Amino acid sequence: MDVYEAVDSRRAVRAFSDRPVPRDVLERVLAAATRAPSSGNLQPWQVYVVSGEPLAELKRRATARALAGDPGDEREFPMYPAELTAPFHERFAAAAAQRYAALGIDRDDPDRPARIAALNAGAFGAPVVLFCYLDRTLGPGQWADAGMYLQTVMLLLRAEGLHSCPQVMWTTYRRTVGRLVGAGDGPVLLCGVSVGYEQEGAPRVRTGRARLAETVTFVGS
């Protein structure tokens, strides 16, 4: 597919099949993604690709924590500001309602937080999860670089017929992840990215986007 098609079809999939992802496909994607831009060519990302029994064990451990009501490890960075103002709060609320309705989780369900956490901890059934780390000495510029790298990875996955779901949620289980992949407490876990083939028949959620005029200003002709 061309770049526009890859961008348009990329979305956070939350229902993966158990179809294995070939190792050579992952290697091809990750090798090509090294061409992503990074200031000073620092290439600050360090990625662990987890699948098979190690991933199954990680899912078991994380799901057990989620279902036990474990609040998780303390965050090393905020996911969102303490208070979201307009229009960000409205965009967040609309997307969340749409997303979890598709997963069959009622807004008023008292078990909603645990159910959401358990689904996330199971990586939505994905057979592969990429964990992206950064050295603790690096700053906001390198975090931006890692974001551009991960977007490149996700677009290349689409070119291979694969889908993905970036999950910052894994940072709340960072100690469990760190021990399993061998990263320890040294680097900072930015996020996990679940990877696989979409489950057939699963509800497809395509969240809306702001109008171009809301986010883009043209200056000059």
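Please refer to the structure higher up on the page.
Keep in mind the model is a prediction, meaning the values are calculated, not measured.

Asker: Mind showing me how you'd approach the packing of aromatic side chains here?
Answerer: Aromatic ring pairs are reported here in terms of the distance separating the ring centres and the angle at which the planes meet. Under the counting rule described, the total for this entry stands at five aromatic pairs. Taking the centre distance of 4.2 Å and the plane angle of 10° together, the rings of Trp45 and Tyr149 count as stacked. Pair noted here: Trp45 is in strand S1 (residues 45-51) and Tyr149 is in helix H6 (residues 140-159), with a separation of 104 residues, a long-range link. For Tyr149, a relative accessible area of 3% translates into the label buried.

Asker: Explain the pairing of strand S2 (residues 128-134) to me, please; I cannot follow it from the model alone.
Answerer: In regular strands, side chains alternate between the two faces of the sheet. For S2, the tally of buried residues reaches seven of seven residues, placing the bulk of the element in the interior. Side chains Val128, Leu130, Cys132 and Leu134 of S2 all project onto a buried face; the interleaved residues Val129, Phe131 and Tyr133 project onto the opposite face, where all are buried too. Where S1 and S2 come together, seven bridges link them in antiparallel fashion. For Val47, the partnering residue across the bridge sits in S2 and is Cys132. Note: S2 against strand S4 (residues 188-196), seven bridges, orientation antiparallel.

Asker: Even after reading the chapter, I still don't get H6, so can you show me in this structure?
Answerer: What sets the pattern is the α-helix's 3.6 residues per turn: residues three or four places apart point alike. Between its first and last C-alpha, H6 extends 29 Å over 20 residues, near the 28 Å set by a 1.5 Å rise per residue. All of the buried residues in H6 are Gln142, Asp145, Ala146, Tyr149, Leu150, Val153, Met154, Leu155, Leu157 and Arg158. Looking one or two residues past H6, Gly161 carries a phi angle of roughly 85°, positive in sign.

Asker: Is there a simple way to explain the side chain of Glu198 in this structure?
Answerer: Mapped onto the secondary structure, Glu198 falls in the loop between S4 and helix H8 (212-215). A polar atom in the side chain of Glu198 sits 2.9 Å from the side chain of Arg11. Among all residues touching Glu198, those that are not within four sequence positions of it are Arg11, Val13, Ala15, Phe16, Ser17, His163 and Arg204.

Asker: Is there a simple way to think about the sheet that holds S1 in this case?
Answerer: Strand pairing in a sheet relies on backbone hydrogen bonds. The paired strands run either parallel or antiparallel. Pairing is antiparallel in the open sheet, where four strands are placed in the order S1-S2-S4-S3. The open sheet has two edge strands with one neighbour each: S1 and strand S3 (163-167). Averaged over all neighbouring strand pairs, the angle between strand axes comes to 25°, with direction disregarded.

Asker: Before we go on, may I ask you to explain a nonpolar patch on the surface in this structure?
Answerer: A surface patch of nonpolar side chains, amounting to about 270 Å² of accessible area, comprises Met79, Tyr80 and Phe92. In this structure, Phe92 sits in helix H4 (residues 88-102). Overall, the relative accessible area of 35% leaves Phe92 in the partly exposed class.

Asker: So what exactly am I meant to see when it comes to the packing of helix H2 (residues 23-33) against H6 here?
Answerer: Pairs of packed helices are described in terms of their axes, by the angle between the two and the distance that separates them. Interhelical geometry of H2 versus H6 gives an angle of 140° and a closest axis separation of 9 Å. Of the possible angle classes, the one that applies to H2 and H6 is oblique. In terms of crossing hand, the pair formed by H2 and H6 is right-handed. Note on element contacts: H6 touches H2 through Tyr149, Thr152, Val153, Leu156 and Leu157, opposite Val29, Leu30, Ala32 and Ala33.

Asker: Which parts of the structure should I look at to understand unusual backbone geometry?
Answerer: Phi is mostly negative for residues that are not glycine, and the peptide bonds are mostly trans. Of the consecutive residues Ala86 and Pro87, the connecting peptide bond is found in the cis state with omega at 5°. When you line up the elements, Pro87 lands in the loop between helix H3 (52-67) and H4. One non-glycine residue with positive phi stands out, namely Gln43, at about 45°. Note on placement: Gln43 falls in the loop between H2 and S1. Exposure remark for Gln43: the relative accessible area of 35% places this residue in the partly exposed category.

Reading guide: rules and limits
- Residues numbered from 1 in each chain as written.
- Predicted model: local features only at pLDDT ≥ 70, side-chain atom pairs only at ≥ 80, totals over all residues.
- Heavy atoms only, no water.
- Phe/Tyr/Trp six-rings, centres within 6.5 Å; stacked < 30°, edge-to-face > 60°.
- Helix = DSSP H or I, 4+ residues; strand = E, 2+ residues; numbered from the N terminus.
- Buried < 20%, exposed > 50% of the residue type's maximum accessible area, 1.4 Å probe, protein only.
- Pairing = 2+ DSSP bridges.
- Expected span 1.5 Å × (residues − 1).
- Polar contact = N/O pair within 3.5 Å; in protein donor to acceptor, adjacent residues only side chain to side chain.
- Contact = heavy atoms within 4.5 Å.
- Axes fitted to C-alpha atoms, helices over the stretch in contact; angles between N-to-C directions.
- Patch = residues over 30% accessible without salt bridge, like charges linked within 9 Å, V, L, I, M, F, W, Y side chains within 5 Å.
- Areas by Shrake-Rupley, 256 points an atom, 1.4 Å probe, with all protein chains shown as cover.
- Salt bridge = Lys/Arg side-chain N within 4 Å of Asp/Glu carboxyl O.
- Parallel < 35°, antiparallel > 145°, perpendicular 65-115°, else oblique.
- Left-handed = near helix turned anticlockwise from the far one by under 90°.

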